[in-house]
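Examining the three-dimensional arrangement
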Amino acid sequence: MSLNNQVLDRAISQELPYVESNLSYLIPMAEKPVNYTYEPPTGIPRTNATYQTHKLPIYNARSISENISLDKEGFAFTGHKTNVRNFYDEDEVRRVYYPEAGQLLKELTGGTKVVIFDHTLRNAGQSKPGENNIKEPALRVHNDFTAKSGYTRAHLEIAARGIDDIDALLKQRFAIINVWRAIATPIQESPLAVCDAQSIAITDLVAGDLVYRDRVGETYGVTYNSKHKWFYFPQMHRDEALFIKCFDSAEDGHARFAAHTAFEDPSSPVNAPPRESIELRTLVFYPA
């Protein structure tokens, strides 16, 4: 057992504050799970996957955030003041927030190169599928990339930017890291829970197709395992950032996949405003 894992186990045993919530896990299936990102043709279901909820403790990790790292648990947390005024302004996000986040990631990881390749806004009150790009919180346990699609997406994004010698670059260690942040009032409704990567068995991860109109990606659904350890950072506000490791090319003991999900926080006020958040998906390249 690693030192960090001992720290988390000790923190939990010392009655770290927690809430209990139902988390939706993939039910094991014979065929490959398929999810469409758009309304599929008539007769084809949006997904062939089914889910089952398990009521689990989700621990408040604020008091132990300094003991948590991307390379051990697969997630990290820090305070970080942003200069973005309006996160719904696409130009401002790309012009101001992308460089801010890129510099922050270099400082956090020691990475030498950061490529930010997309972002997602979430707000259930403003989401209009087919009309805008704002999405609702994702209420199922998942990981954004697989051992296969981490390389596929990295190759795609590097090639799109005209960067030379792609093969050599992808032989370096690189990771796909999400940068997650509240963009309005402190989050009360549908906060994000992250699972300690050290508590996830490789057999818990099930590769599934994510079908876009122009391509097919691959993500991990996650099946239930009683050993999973869940954490969150309640009341996150816009000057804090949560980092989630969705892929790591290193296979030498570093955390590779940190499952995550939005959840219904029983301590949230009934009239809490919809969660407003942004997540950046980034490629971080480590020193050769």
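These figures come from a predicted structure and were not determined experimentally.

Let us look at the sheet that holds strand 8 (residues 174-182). Within a sheet, neighbouring strands are paired by backbone hydrogen bonds and run either parallel or antiparallel to one another. The sheet built from six strands is open, its strands ordered 4-13-8-15-5-6 with mixed pairing. Lying at the two open borders of the sheet, with one neighbouring strand each, are strand 4 (75-79) and strand 6 (134-135). As defined by bridge partners, strand 8 adjoins strand 13 (residues 240-248) across six bridges and the pair is classed as antiparallel. Looking across to strand 13, one finds that W180 is bridged to L242. Strand contacts of helix 2 (residues 90-109): strand 4, strand 5 (113-122), strand 8, strand 13 and strand 15 (277-285), with the helix running at about 130° to strand 5, the strand carrying the most contacts.

Let's shift gears to the pairing of strand 8. Of all the nine residues making up strand 8, nine are buried; the element is thus mostly covered by neighbouring parts of the structure. Alternating positions in strand 8 separate into two faces, F174, I176, N178, W180 and A182 on one and A175, I177, V179 and R181 on the other, with burial throughout. As paired strands, strand 8 and strand 15 are joined by nine bridges and run antiparallel to one another. If you follow I177 over to strand 15, its bridge partner there is T282.

Right, let's talk about helix 2 for a bit. For helix 2, which comprises 20 residues, the first-to-last C-alpha distance of 26 Å matches the rise-based estimate of 28 Å (1.5 Å per residue) to within 8%. The axis of helix 2 is deflected most strongly, by about 35°, at Y97, and proline P99 appears within four residues downstream. Within helix 2, burial applies to E92, V93, V96, Y97, Y98, E100, A101, G102, L104, L105 and T109. Taking the backbone nitrogen of D91 as reference, a side-chain oxygen 3.0 Å away marks D89 as the first, capping residue of helix 2. Just downstream of helix 2, G110 is the residue with a positive phi angle, here 80°.

Attention now goes to the packing of aromatic side chains. Per the counting criterion, the structure on display carries 16 aromatic pairs. Arranged with centres 5.7 Å apart and planes meeting at 35°, the rings of F174 and F285 form a pair that is tilted. Placement of F174 in strand 8 and of F285 in strand 15 is noted, with a sequence separation of 111 residues between them. Here F174 matches F285 in class, with each residue buried. Aromatic ring contacts, followed pair by pair, group Y18, Y59, F75, F77, F231 and F233 into a single cluster.

This brings us to the pattern of salt bridges. Under the defined criterion, the tally for this structure stands at 17 salt bridges. Ionic pairing is found between R281 and D144, a salt bridge with its closest N-O pair at 3.2 Å. Residue R281 is located in strand 15, and its partner D144 is located in the loop between strand 7 (142-143) and helix 3 (149-160); the two are separated by 137 residues in the primary sequence. Judged on exposure class, the residue R281 and its partner D144 are both buried. Residues participating in the shared-partner salt-bridge network are D118, R122, D144, R153, E157, R161, E279 and R281.

Relative to the helices and strands, K245 resides in strand 13. For K245, the side chain forms a polar contact with the main-chain oxygen of A255, separated by 2.8 Å. Once you skip the residues sitting within four places of it in the chain, K245 turns out to touch L70, D71, G74, N143, R173, A175, I176, I177, A255, R256, F257 and A258.

Despite not being glycine, D165 has its phi angle at roughly 55°, a positive value. By the secondary structure assignment, D165 is in the loop between helix 3 and helix 4 (166-171). Phi is positive for Q235, which is not a glycine, with a value near 60°. Mapped onto the fold, Q235 is located in the loop between strand 12 (230-232) and strand 13.

By size, the foremost hydrophobic cluster in this structure holds 49 residues, and its most contacted members are L23, I58, W230, L242, L283 and F285. Beyond its immediate chain neighbours, meaning those up to four positions away, F285 contacts G111, T112, K113, V115, I158, L169, L170, Q172, R173 and F174. L70, Y98, L105 and I278 belong to the second largest nonpolar core, which has 25 residues in total.

The subject of this paragraph is the side chain of R181. Considering the arrangement of structural elements, one finds R181 in strand 8. Buried R181, no salt bridge; nearest opposite-charge side chain is D239, N-O distance 4.5 Å. Separated by 2.7 Å, the side chains of R181 and H80 make a polar contact. One polar contact links R181 to Y97, side chain to side chain, over a distance of 2.8 Å. Not counting the four nearest positions on each side in its chain, R181 is found in contact with H80, T82, F87, Y97, R238, D239, E240, A241, E276, S277 and I278.

The rules behind each value
- Residues numbered from 1 in each chain as written.
- Predicted model: local features only at pLDDT ≥ 70, side-chain atom pairs only at ≥ 80, totals over all residues.
- Heavy atoms only, no water.
- Pairing = 2+ DSSP bridges.
- Helix = DSSP H or I, 4+ residues; strand = E, 2+ residues; numbered from the N terminus.
- Contact = heavy atoms within 4.5 Å.
- Axes fitted to C-alpha atoms, helices over the stretch in contact; angles between N-to-C directions.
- Buried < 20%, exposed > 50% of the residue type's maximum accessible area, 1.4 Å probe, protein only.
- Expected span 1.5 Å × (residues − 1).
- Bend = angle between axes of the 7 residues up to and from the residue.
- Polar contact = N/O pair within 3.5 Å; in protein donor to acceptor, adjacent residues only side chain to side chain.
- Phe/Tyr/Trp six-rings, centres within 6.5 Å; stacked < 30°, edge-to-face > 60°.
- Salt bridge = Lys/Arg side-chain N within 4 Å of Asp/Glu carboxyl O.
- Core = buried A, V, L, I, M, F, W, Y, C linked by side-chain atoms within 4.5 Å.
- Lys, Arg positive; Asp, Glu negative; His and termini not counted.

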